[in-house]
Amino acid sequence: MKSNYKPLGKFIRLVDERNRELEDLPLMGLSVSKVFFPTIANLVGTDMSTYKIVYKNQFTYIADTSRRGDKIAIALNEKYDKMLVSQAYTPFEVSDSNELDPEYLMMWFRRPEFDRYARFKSHGSAREIFDWEEMCNTLLPIPSITKQREIVKEYNVIQNRIALNQQLIQKLEETAQAIYREWFVEGIDMENLPEGWNIRSVYETTNFINGAPFKESDFDIKKAGLPIIKIAELKNGIGGQTDFTLKQLVDKYKITNGDMLYSWSGNPETSLEVFKWFGGDALLNQHIFKLEFEKQHSKFFVYYLLKELKREFVRLAEGKQTTGLGHVTIADLKELTIPYPSKQDLKKFENIIIPFYEYDSILIKENQKLTELKELLLSRLATAE
């Protein structure tokens, strides 16, 4: 163990201030993504005086780790001067920020190695707990405060660039979607279409190629050299067929950078999305359509069409929910009809939208590279001196 590794308990302390004055403060939940989020709990009749106050630069974690997979829910309050959290949460703070920078500590908590450590050290019968004693026994490198702040600054430069890119991506998407809506939605009368337009089902706008229910034991992943997109628990068999060779699997279900995909199964509010794939070569899971375009179809039109239909897809999926999940079927795509523009109008739209689409793609790829860089920086914390 390096000499600069020290037990965390020397630098942190519990805090337990209750909302006795019934202040009107934001009530926050805590996720395994290590962020706070506004709670949606029904608070009617709740005694808010028992809730805990968390000040800026204080931490909160959930000691119960048994129902959160491989992650531990922990976050730093970087936004609010004061906020409220559940009585079941454990707030704490750094005793002296001139010895341990709270942001540096949060970087350590974001490491996947910390999640594995916390899960390993959790104990209990009915539920597993990563208790305060185990938190205090955590060993981590504590370089000089100057070095800590240099590391934090480097991390924040990357994080801020990712956030800026994400804002640009959102603005580009909103602008392009507004153009789509102006051209192909607003003022369009299904009974009196412009010249050259016709009525088509969504299914007829592109080729929807469905993936297969892969499981790792079906073939040699290392030999294939391709990861699998895992959206849900994988099932046995591959579409009822078991005689695919490895080459046939790769040829039939391979996706690569630039492919357009549609996630058709999952939580209706967070799934059911069309997106551009930039994760490298992979194999297509059964819960995703790959969209393949023939010459007469415009991928740009279809991309923004599927985004426009999000609300309609959610409505369809919610009618078929099981265990909180829903899905959009081929039958839904065939039954849902839309006004389909003329070739001339599609071409005009394409010429306008291509710069938006391509710049958006560049930013997505840049954020992926920045995320990899951020993860590399977190991994290097273990050798910080």
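Our subject is the structure that appears above.
What comes next is a walk through the structure. (Residues numbered from 1 in each chain as written. Predicted model: local features only at pLDDT ≥ 70, side-chain atom pairs only at ≥ 80, totals over all residues. Heavy atoms only, no water.)

## Some thoughts on the overall build of the protein chain
What counts is decided by this rule: Runs of E in the DSSP output that reach at least two residues are strands. Runs of H or I that reach at least four are helices, and both are numbered from the N terminus. Throughout, the Shrake-Rupley method with a 1.4 Å probe supplies accessible areas, and for residues the shown protein chains are the sole cover considered.
A count of helices and strands for the protein chain gives 10 helices and 21 strands. Accessible surface computed for the protein chain: about 20900 Å², of which carbon and sulfur atoms make up 49%.

## Structural notes on the environment of serine 33
As for its placement among the helices and strands, serine 33 is situated in the loop between β4 (28–30) and β5 (36–38). In the structure, serine 33 is positioned 41 residues away from isoleucine 74 in sequence and 8.3 Å away in space, judged by C-alpha atoms.

## Here we look at helix α2 (residues 112–121)
Within an α-helix, residues lying three or four positions from one another point in the same direction, as the helix has 3.6 residues per turn. Selection rule: Using a 1.4 Å probe on the protein chains alone, a residue whose accessible area is under 20% of its type maximum counts as buried, one over 50% counts as exposed, and one in between counts as partly exposed. Of all possible arcs, the one meant is that of the directions from the helix axis to the C-beta atoms. Two residues qualify as a contact provided that any one of their heavy atoms is within 4.5 Å of a heavy atom in the partner residue.
Those residues of α2 not exposed but buried are Phe114, Asp115 and Ala118. Seen end-on, α2 carries its buried residues on one side only, within an arc spanning 105°. Facing away from the buried side of α2 by more than 90 degrees, the exposed set consists of Arg116 and Phe120. Taken together, the buried residues of α2 touch α1 (102–109) and α3 (132–137).

## Here we look at the sheet that holds strand β6 (residues 52–55)
Inclusion rule: Strands are labelled as partners when DSSP assigns at least two bridges between them.
Pairing within the open sheet is antiparallel, and its three strands lie in the order β3-β6-β9. Since the sheet does not close on itself, it has two edges, and those belong to β3 (17–18) and β9 (82–85), each with one partner. Where β3 and β6 come together, two bridges link them in antiparallel fashion. Opposite arginine 18, over in β6, you have lysine 52 as the bridge partner.

## So, helix α7 (residues 299–308)
For α7, a buried count of seven out of 10 residues is recorded, marking the element as mostly surrounded by other parts of the structure. Within the span of α7, buried status applies to Phe300, Phe301, Val302, Tyr303, Tyr304, Leu305 and Leu306.

## Concerning the sheet that holds strand β8 (residues 74–76)
Heads up, the rule is: Axis lines are fitted through C-alpha atoms, for helices just across the contact stretch, and the angle between N-to-C directions can take any value from 0 to 180 degrees.
As summarised here, the arrangement of the four strands in space is β2-β10-β7-β8, forming an open sheet in which the pairing is antiparallel. In the strand order of this sheet, the two ends are held by β2 (12–14) and β8, each with one partner. Along the sheet, successive strands turn relative to each other by an average axial angle of 25°, direction set aside. Along the sheet, α1 makes contact with β2, β7 (59–61), β8 and β10 (90–94), crossing β8 at roughly 155°.

## Brief notes about the nonpolar core
Cut-off, in case you're wondering: The definition of a nonpolar core used throughout is a set of buried Ala, Val, Leu, Ile, Met, Phe, Trp, Tyr and Cys residues joined through side-chain atoms within 4.5 Å.
Of all hydrophobic cores here, the largest spans 37 residues; its most connected members are Phe92, Leu105, Phe109 and Met135. At six residues, α1 tops the list of elements feeding residues into this core. With residues up to four places along the chain from it excluded, the contact list for methionine 135 reads Leu8, Ile12, Tyr61, Ile74, Phe92, Phe109, Phe114 and Phe130. Within the second largest apolar cluster, 35 residues are counted, among which are Ile179, Tyr262, Trp264 and Val314.

## A few points about the side chain of aspartate 101
Assignment of secondary structure puts aspartate 101 in the loop between β10 and α1. Given the relative accessible area of 10%, aspartate 101 is considered buried.

## With respect to the side chain of aspartate 115
The residue aspartate 115 is located in helix α2 in this model. Assessed through its relative accessible area of 1%, aspartate 115 is described here as buried.

## With respect to the packing of α1 against helix α4 (residues 145–184)
Under the convention used in this document: Here is the rule for handedness: rotate from the far helix to the near one, and if that takes an anticlockwise turn smaller than a right angle the crossing is left-handed, while a clockwise turn gives right-handed. Asp, Glu, Lys and Arg are counted as charged, while Ala, Val, Leu, Ile, Met, Phe, Trp, Tyr, Cys and Pro are counted as nonpolar; the rest, among them Gly, fall into the polar class.
As a packed pair, α1 and α4 sit with axes 9 Å apart at the nearest point and diverge in direction by 65°. Note that α1 runs across α4; the crossing there is left-handed. Residues Glu103, Tyr104 and Met107 of α1 lie in contact with α4, whose contacting residues are Gln148, Ile151, Val152, Tyr155 and Asn156. Of the residues contributing to the contact of α1 with α4, the split by class is five nonpolar, two polar and one charged.

## Let's talk about unusual backbone geometry
Even without being a glycine, leucine 22 presents a positive backbone phi close to 55°. Among the structural elements, leucine 22 can be located in the loop between β3 and β4. One non-glycine residue, lysine 34, lies in positive phi territory at about 70°. With respect to the helices and strands, the residue lysine 34 is situated in the loop between β4 and β5. Judged by its relative accessible area of 8%, lysine 34 falls in the buried class.

## A closer look at the packing of aromatic side chains
The description of an aromatic ring pair uses the distance of the two centres, along with the angle that the planes make with each other. Short version of the rule: Ring geometry is summarised as follows: Phe, Tyr and Trp rings, the Trp one being its six-membered ring, pair when their centres sit within 6.5 Å, and such pairs are stacked at plane angles under 30 degrees, edge-to-face over 60 and tilted between the two. Should the NZ of a Lys or the CZ of an Arg lie within 6 Å of a ring centre and within 35 degrees of the ring normal, that charge is described as sitting over the ring.
Applying the stated criterion across every chain, the model contains 26 aromatic pairs. Between the aromatic rings of phenylalanine 208 and phenylalanine 289, the centroid separation amounts to 5.5 Å while the plane-to-plane angle is 75°, which identifies the pairing as edge-to-face. Here the residue phenylalanine 208 occupies a position in strand β13 (residues 207–210), and phenylalanine 289 occupies one in strand β19 (residues 288–292), the gap between them amounting to 81 residues. Given the relative accessible area of 3%, phenylalanine 289 is considered buried. Here the aromatic residues Tyr180, Trp183, Phe184, Trp197, Phe300, Phe301, Tyr303, Tyr304, Tyr340, Phe349 and Tyr357 are joined through ring pairs into a cluster of three or more. Above the face of the tyrosine 340 ring, arginine 200 is positioned so that its terminal group lies 4.0 Å from the ring centre.

## Some points on the pattern of salt bridges
Pairs can form between side chains of opposite charge whenever their charged atoms are close. Rules: Whenever Lys or Arg places a side-chain nitrogen within 4 Å of a carboxyl oxygen from Asp or Glu, that contact is recorded as a salt bridge.
This model, assessed by the stated rule, comprises 18 salt bridges. Note that glutamate 93 is salt-bridged to arginine 13, the shortest N-O span being 2.7 Å. Taken together, the positions of glutamate 93 in strand β10 and arginine 13 in strand β2 put the pair 80 residues apart, joining distant regions of the chain. Judged by relative accessible area, glutamate 93 falls into the buried class, the value being 17%. Overall, arginine 13 belongs to the partly exposed group, its relative accessible area being 42%. The network of salt bridges with common partners includes Lys34, Lys71 and Asp115.

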